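# Structural characterization, general
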Amino acid sequence: MSKLTKRQAQRIAGALKKDKRKNISLDMLSNSIGIYPDALGQQLLPFSPMILMDPSINCKQLLPQIEDYIKNYEPSIKKKAPATPAVRKKDMEEFSGITDFVYKRMTTAGGLVDPSFRLGDKDLKILHKLVCKEVSERRKAAKSKAKKGAKAKIK
C-alpha cells in the first residue's frame, strides 16, 4: 500500500473540483486521473474505508477531507545512512600485503598480535581490499601457470 503523497492528493482534488457531475464513482475518478481503480482505492482508504468494497461511493464527498489532508500534509523525513569512510589509494600503498597490515596495525612492541585490538571501519575496508587484491593476484598466477602447462602439453 502506497501512502498518499501531497502531489497525488492535489491531482485527485483537482479532478474532483473540475468535474461538474454531482456523483463521481471510483472508476470515473480513476479514468480522469489515469490511475488504476485499485491503486486509487488504496490511496483513498484513509478517507473512506469502504471504497474498495463499494466502488460506487461518491468520491465528491471526500473532497473536503482530501483538501484538509493537503493543508496539513507533512512529508516523512528519510533517515540518512551513516557515511562509510572512503579508502584512498595512498591508504592502500602504505601496506604491501595482508601480513604487512597485520604486523603494522595489530601487533605490540614484541611482535605479538594484540588480542584486544579492534579494527575500525576504515581498517576493515583496507583489510578487505588487501584480501581482494591478494586473491586476484593468486588467481592470475594460477591462470598463467595453467596456460604454461597447457602449452607444454601441446608441444
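Scroll up for the structure.
Just so it is clear, the model here is predicted, and its values are computed rather than measured.

## Considering the overall build of the protein chain
Per the secondary structure count, the protein chain includes seven helices and zero strands. If you list the helices and strands of the protein chain from N to C, you get α-α-α-α-α-α-α. Over its C-alpha atoms the protein chain spans a radius of gyration of 32 Å, topping by over 25% the 15 Å that the globule rule assigns to 155 residues. Restricting to contacts in the protein chain with at least 6 residues of sequence separation, those with at least 24 account for 55%. Carbon and sulfur atoms provide 56% of the accessible area of the protein chain, an area that totals close to 12100 Å².

## Digging into the packing of helix α1 (residues 6-18) against helix α2 (residues 26-33)
Orientation of α1 relative to α2, taken along the N-to-C sense of each, is 110°, at an axis distance of 10 Å. On the basis of their axis angle, the class for α1 and α2 is roughly perpendicular. Judged by residue contacts, R11, I12, A15 and L16 of α1 engage L29, S32 and I33 from α2. Of the residues assigned to the contact of α1 with α2, the class counts are five nonpolar, one polar and one charged.

## Some words on the packing of aromatic side chains
Inspection of every chain in the model, using the stated rule, returns three aromatic pairs. On the numbers, 5.6 Å between centres and 85° between planes, the contact of F47 with Y69 is edge-to-face. Linking F47 in the loop between α3 (37-44) and α4 (63-71) with Y69 in helix α4, this pair joins segments that are 22 residues apart in sequence. Overall, the relative accessible area of 14% leaves F47 in the buried class.

## What about the packing of α1 against α4?
Relative orientation of the contacting elements α1 and α4 amounts to 145°, with a least axis distance of 10 Å. For the crossing formed where α1 meets α4, the hand is left-handed. Here α1 contributes K6, A9, Q10, I12, A13, L16 and K17 to the contact with α4, which in turn contributes L63, I66, E67, Y69 and I70. A breakdown of the residues in the contact of α1 with α4 according to their chemical character gives eight nonpolar, one polar and three charged.

## Focus on the nonpolar core
Among the nonpolar cores identified, the biggest contains 20 residues, and I12, L16, L29, I33, L40, L44 and I66 are the most heavily contacted of them. Taken together, the elements giving at least two residues each to this core come down to α1, α2, α3 and α4. Tallying contributions element by element places α1 first for this core, with five residues. Ignoring sequence-local partners within four residues, the contact set of I66 consists of A9, I12, A13, L16, L44 and F47. Core analysis: the second largest hydrophobic core is formed by eight residues, V87, F101, I126 and L130 among them.

How each quantity is defined
- Residues numbered from 1 in each chain as written.
- Predicted model: local features only at pLDDT ≥ 70, side-chain atom pairs only at ≥ 80, totals over all residues.
- Heavy atoms only, no water.
- Helix = DSSP H or I, 4+ residues; strand = E, 2+ residues; numbered from the N terminus.
- Rg over C-alpha atoms; globule rule 2.2 N^0.38 Å.
- Contact = heavy atoms within 4.5 Å.
- Areas by Shrake-Rupley, 256 points an atom, 1.4 Å probe, with all protein chains shown as cover.
- Axes fitted to C-alpha atoms, helices over the stretch in contact; angles between N-to-C directions.
- Parallel < 35°, antiparallel > 145°, perpendicular 65-115°, else oblique.
- Nonpolar A, V, L, I, M, F, W, Y, C, P; charged D, E, K, R; others polar.
- Phe/Tyr/Trp six-rings, centres within 6.5 Å; stacked < 30°, edge-to-face > 60°.
- Buried < 20%, exposed > 50% of the residue type's maximum accessible area, 1.4 Å probe, protein only.
- Left-handed = near helix turned anticlockwise from the far one by under 90°.
- Core = buried A, V, L, I, M, F, W, Y, C linked by side-chain atoms within 4.5 Å.

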